[in-house]
Amino acid sequence: MYIRVKRMKTTYFIQCDPTEKVLEIKQKLNVLIDQPVNDQRLTHMPSGEVLEDSKSLADQKVENDAVVALTLRKDDNKFEEVNIVRPDDFCQSRDAEGGSW
Amino acid sequence: MTEMRKEDTVKLISAEGFEFVINKEAAMVSQTIRNMLTSPGSFAEAQHGEVTFPEISTTILEKICQYFHWSLQYASGKETEFPIEPELTLELMMAANYLHT
């Protein structure tokens, strides 16, 4: 399976198994973004549940195609807020037209 | 499962500048991307592992990335449906045509 890890305007498609631990996902992200696993936090969206390193994806109901937010530790040692930028969706603009078709 | 290597990923960039980092093998489901990444010397994309699609919107590009991964899973025997929202159909078909997917 794969999960979609998102931060700001970037999405990482990470291939993984349900039995993998969250820590292993962070190790994979470390290869891509050069941030130590301790400075990464993964949050299951849209529930906002913070995922625990020692538990598996399946344990925490993270399934194929799931969206997981990545946040990083800031200089003051706290984690940043979840920040996922969405595109200005043409679906929304279409709704605004009031169903003209 | 598999070890993560940065060289094995590519970055696809949408019209709005959103980035999708995906497995190279998945990206090569697209014949167009395969040609860009494998033809020697002809594309700058091959060196940087980055491909920009000024004509493809973020929503469509994400759907395409999901399709690439679904396609790999399907090829390895996991037969599931690939859901497509009706409002995306036309734009998705145009992008698929361009990508030879």
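In the block above lies the structure referred to throughout.
Quick caveat: nothing in here was measured; it's all calculated off a predicted structure.

(A) Structural view of helix α4 (residues 58-75) of chain B. Residue and element names in this part refer to chain B. Taking 1.5 Å per residue, 18 residues should reach 26 Å; α4 reaches 26 Å between its end C-alpha atoms and fits that length. Counting buried positions along α4 yields 14 of 18 residues, so the element is predominantly enclosed. Of the residues trailing α4, Gly-77 is marked for its positive phi of about 100°.

(B) Here's a closer look at the interface of chain A and chain B. Between chain A and chain B, the contact holds 26 residues from the first and 28 residues from the second. With both sides pooled, the region where chain A packs onto chain B buries about 2,300 Å², and carbon together with sulfur makes up 58% of that total. For the pair chain A and chain B, the interface holds 2 salt bridges. In this structure, B:Glu62 and A:Lys6 form a salt bridge, with 2.9 Å as the shortest nitrogen-oxygen distance. At the junction of chain A with chain B, the criterion picks out 11 residue pairs in polar contact (both at pLDDT 80 or more). The dominant element in the side of chain A that touches chain B, judged by the number of residues it contributes, is strand β2 (residues 10-15) of chain A, at 6 residues. The residue inventory of the side of chain A that touches chain B, partitioned by class, reads 12 nonpolar, 4 polar and 10 charged. Across 3 bridges, the pairing between β2(A) and strand β2 (residues 19-23) of chain B is parallel. Within β2(B), the residue paired with A:Thr10 across the bridge is B:Glu19.

(C) Spotlight on the packing of aromatic side chains. Residue and element names in this part refer to chain B. Under the definition given, this model contains 7 aromatic pairs over all chains. Relative to Phe-82, the ring of Trp-70 has its centre 5.5 Å away and its plane inclined at 50°; by these criteria the two rings are tilted. Residue Trp-70 is found in helix α4, and its partner Phe-82 is found in the loop between α4 and α5 (89-99); the two are separated by 12 residues along the sequence. Every member of this aromatic cluster is reached through a ring pair, and the members are Tyr-67, Trp-70, Tyr-74 and Phe-82.

(D) Seen up close, the sheet that holds strand β4 (residues 49-50) of chain A. Ordered by their spatial adjacency, 8 strands build an open sheet running β4(A)-β3(A)-β5(A)-β1(A)-β2(A)-β2(B)-β1(B)-β3(B), and the pairing between neighbours is mixed. Of all strands in the sheet, those bounded by a partner on one side alone are β4 of chain A together with β3 (50-52) of chain B. Both strand β3 (residues 40-45) of chain A and strand β5 (residues 67-72) of chain A contribute to a ladder of 6 bridges, which runs antiparallel. Bridge assignment links A:Leu42 to a residue of β5(A), and that residue is A:Leu70. Those strands touched by α4(B) are β1 (2-7) and β2 of chain A together with β1 (9-13) and β2 of chain B, and its axis lies near 10° from that of β2(B).

(E) Seen up close, the pattern of salt bridges. Evaluated as defined, the whole model comprises 12 salt bridges over all chains. Where A:Glu20 meets A:Lys28, a salt bridge forms, and the shortest distance between an N and an O atom there is 3.1 Å. A salt bridge links B:Lys11 to B:Glu19, with the nearest nitrogen and oxygen atoms 3.3 Å apart. Given the relative accessible area of 24%, B:Lys11 is considered partly exposed. Here B:Glu19 falls in the partly exposed class, since its relative accessible area comes to 22%. Three or more residues joined by partner-sharing salt bridges are found here, namely A:Arg4, A:Lys6, A:Asp65 and B:Glu62.

Criteria and thresholds
- Residues numbered from 1 in each chain as written.
- Chains lettered and ligands numbered in written order.
- Predicted model: local features only at pLDDT ≥ 70, side-chain atom pairs only at ≥ 80, totals over all residues.
- Heavy atoms only, no water.
- Helix = DSSP H or I, 4+ residues; strand = E, 2+ residues; numbered from the N terminus.
- Expected span 1.5 Å × (residues − 1).
- Buried < 20%, exposed > 50% of the residue type's maximum accessible area, 1.4 Å probe, protein only.
- Contact = heavy atoms within 4.5 Å.
- Buried area = accessible area lost by both parts, 1.4 Å probe.
- Salt bridge = Lys/Arg side-chain N within 4 Å of Asp/Glu carboxyl O.
- Polar contact = N/O pair within 3.5 Å; in protein donor to acceptor, adjacent residues only side chain to side chain.
- Nonpolar A, V, L, I, M, F, W, Y, C, P; charged D, E, K, R; others polar.
- Pairing = 2+ DSSP bridges.
- Phe/Tyr/Trp six-rings, centres within 6.5 Å; stacked < 30°, edge-to-face > 60°.
- Axes fitted to C-alpha atoms, helices over the stretch in contact; angles between N-to-C directions.

The values reported here are purely geometric and, on their own, carry no functional implication.
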